[in-house]
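One-letter residues, chain by chain:
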Amino acid sequence: MTLTDRFGRAITYLRISVTDRCNLRCVYCLPQHGAQWLARENQLSVEEIARVVETAARVGVKRIRLTGGEPLVRPDMAEIVARIASIAGIEEVSLTTNAMLLERLARPLADAGLKRVNVSLDTLDADKFKRITRGGSLDRLWRGLAAAEAAGLSPLKLNTVVVNGLNADELPALARLTIENPWHVRFIELMPVGNAQDWGEGFPVRSERYFSLQEMRAQLSTFNLEPATQPKGNGPARTFRIPGALGTIGFISPLGEHFCQNCNRLRLTADGYLRPCLLLDGEINVREALRSNEPILPLLQRAVDSKPEGHELLMQHYPESRRMAQIGG
Ligand code: SAM
């Protein structure tokens, strides 16, 4: 049996937010102060996460991505990876991280069965990195990347959320990283999810932050990008290569050129709700079923059946019930 939605899309990929907590406060993702965290008892346990994955694997889900919040702040992360990686039918477990704790954890996570990491990197300037992340260290990120490569967590993908007036001028420098490194740099359009507020002094105001896919392509026009095949992972990015480069450049543009027609995923929030679409509110409570020992499969099926054909950002319908850190990006 496989999970196929009303529009013929087979669902083979589950993104799991293992915690809503984060050790950084990226300006476009979390407020500087006063973020409300889930009560611990509402967060799914390792066993509960594993039960959802076991059920999903029985109906064709093959790939799992662990995200957050910051997944590496969960003390039982290696246990979560090991448990999921051992489930029959799961071919790949990967992780999205800010890399602040990666130097120490890359090896134990690889040993537990983790295959790849995506790391968020919005700037190559250490001071700007600290400002955007409100406290992060670019140096720690580089050490985390080196540890990930040494542990075989490759191909490495780097995610850059592109914001006009903040880091859009760095696209060429970030793209150049791919010339000598077999890395996959992906430029992501800023999504209007829980970040409408003022980001503080020195940051662009809301109406000036968006930097479109077309503007990104124009910024990189001197590189004569050529189409390239997707690196392993098969995500939503449209992929290109600087001629002769070892790595690739991808564009993820939910607004400029959306990719809903290829959507193969469901999301599970840290408090146990299945979310059929990142960008539309509407969720199915599986935590209740897990805790009262009811079957999960009908809920998975319901989540798949309620997947919309596409998001509605262009109609100005923005998700309001959760922030990105709670959904997992
Ligand atoms: N803490 C981890 C990290 O930093 O990668 C994982 C969680 S984070 C929510 C996942 C991804 O979502 C990151 O690459 C982040 O840059 C991206 N993200 C967060 N808010 C976003 C937004 N409003 N628009 C586009 N991407 C966003």
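Everything here concerns the structure above.
Report on the accompanying structure. (Residues numbered from 1 in each chain as written. Predicted model: local features only at pLDDT ≥ 70, side-chain atom pairs only at ≥ 80, totals over all residues. Heavy atoms only, no water.)

Let us look at the site of the ligand. The environment of the ligand is made up of 20 residues, and the closest members are Tyr28, Gly69, Glu70, Ser120 and Met191. One of the backbone N or O atoms of glycine 69 is found 2.9 Å from a nitrogen atom in the ligand. In the environment of the ligand, an oxygen atom lies 2.6 Å from a nitrogen or oxygen atom belonging to the side chain of serine 120. In isolation the ligand has 550 Å² of accessible area, and contact with the protein removes 94% of it. At the level of elements, β2 (63–68), β3 (92–97), β5 (157–162) and β6 (184–189) are the ones that each hand at least two residues to the shell around the ligand. When its residues are assigned to classes, the shell around the ligand shows seven nonpolar, 11 polar and two charged. (Near = heavy atom within 4 Å. Polar contact = N/O pair within 3.5 Å; in protein donor to acceptor, adjacent residues only side chain to side chain. Areas by Shrake-Rupley, 256 points an atom, 1.4 Å probe, with all protein chains shown as cover. Helix = DSSP H or I, 4+ residues; strand = E, 2+ residues; numbered from the N terminus. Nonpolar A, V, L, I, M, F, W, Y, C, P; charged D, E, K, R; others polar.)

This structure, assessed with the given rule, holds 13 salt bridges. Put simply, glutamate 48 and arginine 291 hold a salt bridge, and the shortest N to O gap is 2.8 Å. Separated by 243 residues along the polypeptide, glutamate 48 in helix α1 (residues 46–58) and arginine 291 in helix α8 (residues 287–291) bring together distant segments of the chain. Overall, the relative accessible area of 40% leaves arginine 291 in the partly exposed class. Arginine 116 serves as the salt-bridge partner of glutamate 92, at 3.0 Å between the closest nitrogen and oxygen. Of this pair, glutamate 92 sits in strand β3 while arginine 116 sits in strand β4 (residues 116–120), and the two are 24 residues apart along the sequence. Taken as a pair, glutamate 92 and arginine 116 share a single burial class, namely buried. Through salt bridges that share partners, Glu47, Glu54 and Arg83 make up one connected network. (Salt bridge = Lys/Arg side-chain N within 4 Å of Asp/Glu carboxyl O. Buried < 20%, exposed > 50% of the residue type's maximum accessible area, 1.4 Å probe, protein only.)

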